[in-house]
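# Coordinate inspection notes
Each chain is listed here by its residues.
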Amino acid sequence: MFEPIAKELLFSRGDAADPRRGERVRRVSSLDDLNPGFVLAGYPDDEGIKNNGGRVGASIAPDAIRKFLYRMVATEPPLYDLGNLQSREALSKRHEMGREFASAALKKNHRWIGLGGGHDYGYADGAGFLDWSKTQNKKPVIINFDAHLDVRQPSRDINSGTPFYGLSELGLEYDFVQIGIQRQCNSEAHLQWSLDKKHTIISLEDYWASHVSLPEFVAKRLGDIMLHRGPCFISVDIDAFAWPYAIGSSQSWPTGLEPKEFWPCYSMLLKRFDVRALGVYETSPPLDFDFGTSKLASLIVDTFLREKAL
């Protein structure tokens, strides 16, 4: 189901005083007999993006992100790499495979990292997280950084615009927060549907108009959600970032978040919530310049590994 990654991705400086993640990560084929740590899996799949009329290229993102992640200075918590999901089954079946592994990893007290691929895999990671959260005593939280709401109802094919509609159809209770939503990217019908579902929508335009920092604005909008510190899944569609920072995205706009705005907010959320799962989606290396977007995605994962050390 998962194909091991190439050894060439496991960077080493050969210096005991300067260990890199490529030296510490352990390639695994199952979740059996592992000490609790971080489990990483890749989704080299952009069929959902193609179904949504987007620009393909995200299928090679998982290894492009790993290339830079595994060059970074290592930290202590165990990191296990399952490899890349490989299957000729239908897209919906591939999502269920990802869902199964995400849930299984969480049930074994690991934290989960999913590397897209299209944002349709936000459904796989999110559903796995929600399956696991049934065993927890606190209401789960899903937080999505994105320019798009991604709540389209599938008219024919599952696509990169449908993950959060799919999660809503599971009938499970959770708080859902969207950060960085841009008005030119979303219809009034999709916005109203989200508001009817009691989603917390934090638009880019409202944040700009607030004249306060993003962490301050988000904390105020989340209100009581911040208080119960429930288990959390953070989804990052890389198109939440402005074009100069994420040119290698399946969909990019000159408007969007800047890294200096995102990181303080992201770090705040990692500290306030029990973040058990992270997904990073829609990085498209063929559209990138000097690997900048792949590096951005790898830094998001690196921050999770550092700040949620077990």
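My aim in this report is to walk through the structure given alongside it, one point at a time. Just so it is clear, the structure is predicted and the values come from calculations on it, not from any experiment.

In this section: helix α3 (residues 61-69). Most of α3 is tucked away, with seven of its nine residues classed as buried. Listed in full, the buried residues belonging to α3 are Ala61, Pro62, Ala64, Ile65, Arg66, Phe68 and Leu69. Tucked inside the fold, the buried residues of α3 contact α1 (21-24), β3 (38-43), β4 (79-85), β5 (111-116) and α12 (292-307).

The subject of this paragraph is the packing of aromatic side chains. According to the stated counting rule, one finds 15 aromatic pairs in the structure shown. A centroid spacing of 6.1 Å and a plane angle of 40° characterise the contact between Phe129 and Phe233, whose relative ring orientation is tilted. In this pair, Phe129 sits in helix α5 (residues 121-133) while Phe233 sits in strand β9 (residues 231-237), placing the two residues 104 residues apart along the sequence. With a relative accessible area of 0%, Phe129 lands in the buried category. We classify Phe233 as buried; its relative accessible area is 0%. Here Trp263 and Tyr266 contribute two aromatic rings whose centre-to-centre distance is 6.4 Å and whose plane-to-plane angle is 85°, an arrangement assigned as edge-to-face. In this pair, Trp263 and Tyr266 are both assigned in helix α11 (residues 259-272), three residues apart and thus about one turn of the helix distant. Its relative accessible area of 18% is what places Trp263 among the buried residues. When its relative accessible area of 0% is taken as the criterion, Tyr266 is described as buried. Taken together, the aromatic side chains of Phe145, Phe241, Phe262, Trp263 and Tyr266 make up a single cluster linked through ring pairs. In this structure, Lys67 packs its charged tip against the face of Phe291, placed 4.7 Å from the ring centre.

Moving on, we come to the pattern of salt bridges. Note on pairing: side chains with opposite charge can pair once their charged atoms come close. Taken as a whole and assessed by the stated rule, the structure comprises 19 salt bridges. Note that Glu76 and Arg24 form a salt bridge whose closest N and O atoms lie 3.5 Å from each other. Note that Glu76 is positioned in the loop between α3 and β4 and Arg24 in helix α1, a separation of 52 residues in sequence. Given a relative accessible area of 65%, Glu76 falls into the exposed group. You can call Arg24 partly exposed: its relative accessible area is 40%. Note that Asp274 is salt-bridged to Arg111, the shortest N-O span being 3.3 Å.

Before going further, it helps to spend a moment on the packing of helix α9 (residues 214-222) against α11. Packing of α9 against α11 brings their axes to within 8 Å, and their N-to-C directions diverge by 45°. Taken together, the axes of α9 and α11 lie oblique to each other. Contact residues: α9 offers Leu214, Pro215, Val218, Ala219 and Leu222, while α11 offers Glu261, Phe262, Pro264, Cys265, Met268 and Leu269. Its residues assigned to classes, the contact of α9 with α11 shows 10 nonpolar, no polar and one charged.

Another aspect to go through is the environment of Ile247. Along the chain, the position of Ile247 falls in the loop between β9 and α11. In this structure the C-alpha to C-alpha distance between Ile247 and Pro285, which are 38 residues apart in sequence, comes to 9.2 Å.

With respect to burial, strand β6 (residues 141-145) is a largely interior element, five of its five residues being buried. Because side chains alternate across β6, one face comprises the buried residues Val141, Ile143 and Phe145, and the other comprises Ile142 and Asn144, equally buried. Handedness of the crossover joining β6 and strand β7 (residues 175-181) through helix α6 (residues 163-168) is recorded here as right-handed. Relative to β9, β6 runs parallel, the two being bridged by five bridges. In the sheet register, Val141 faces β9, and the bridge partner there is Cys232.

Each disulfide is one covalent bond, formed between the sulfur atoms of two cysteines. In total, this model carries zero disulfides according to the counting rule given. The closest cysteine sulfur to the non-disulfide-bonded Cys185 is located on Cys265, 19 Å from its own sulfur. By relative accessible area, Cys185 is classed as buried at 14%. As a non-bridged cysteine, Cys232 has Cys265 as the owner of its nearest cysteine sulfur, 11 Å distant.

What counts and how
Residues numbered from 1 in each chain as written. Predicted model: local features only at pLDDT ≥ 70, side-chain atom pairs only at ≥ 80, totals over all residues. Heavy atoms only, no water. Buried < 20%, exposed > 50% of the residue type's maximum accessible area, 1.4 Å probe, protein only. Helix = DSSP H or I, 4+ residues; strand = E, 2+ residues; numbered from the N terminus. Contact = heavy atoms within 4.5 Å. Phe/Tyr/Trp six-rings, centres within 6.5 Å; stacked < 30°, edge-to-face > 60°. Lys NZ or Arg CZ within 6 Å of the ring centre and 35° of its normal. Salt bridge = Lys/Arg side-chain N within 4 Å of Asp/Glu carboxyl O. Axes fitted to C-alpha atoms, helices over the stretch in contact; angles between N-to-C directions. Parallel < 35°, antiparallel > 145°, perpendicular 65-115°, else oblique. Nonpolar A, V, L, I, M, F, W, Y, C, P; charged D, E, K, R; others polar. Right-handed = clockwise from strand over helix to strand, strands pointing away. Pairing = 2+ DSSP bridges. Disulfide = S-S within 2.5 Å.

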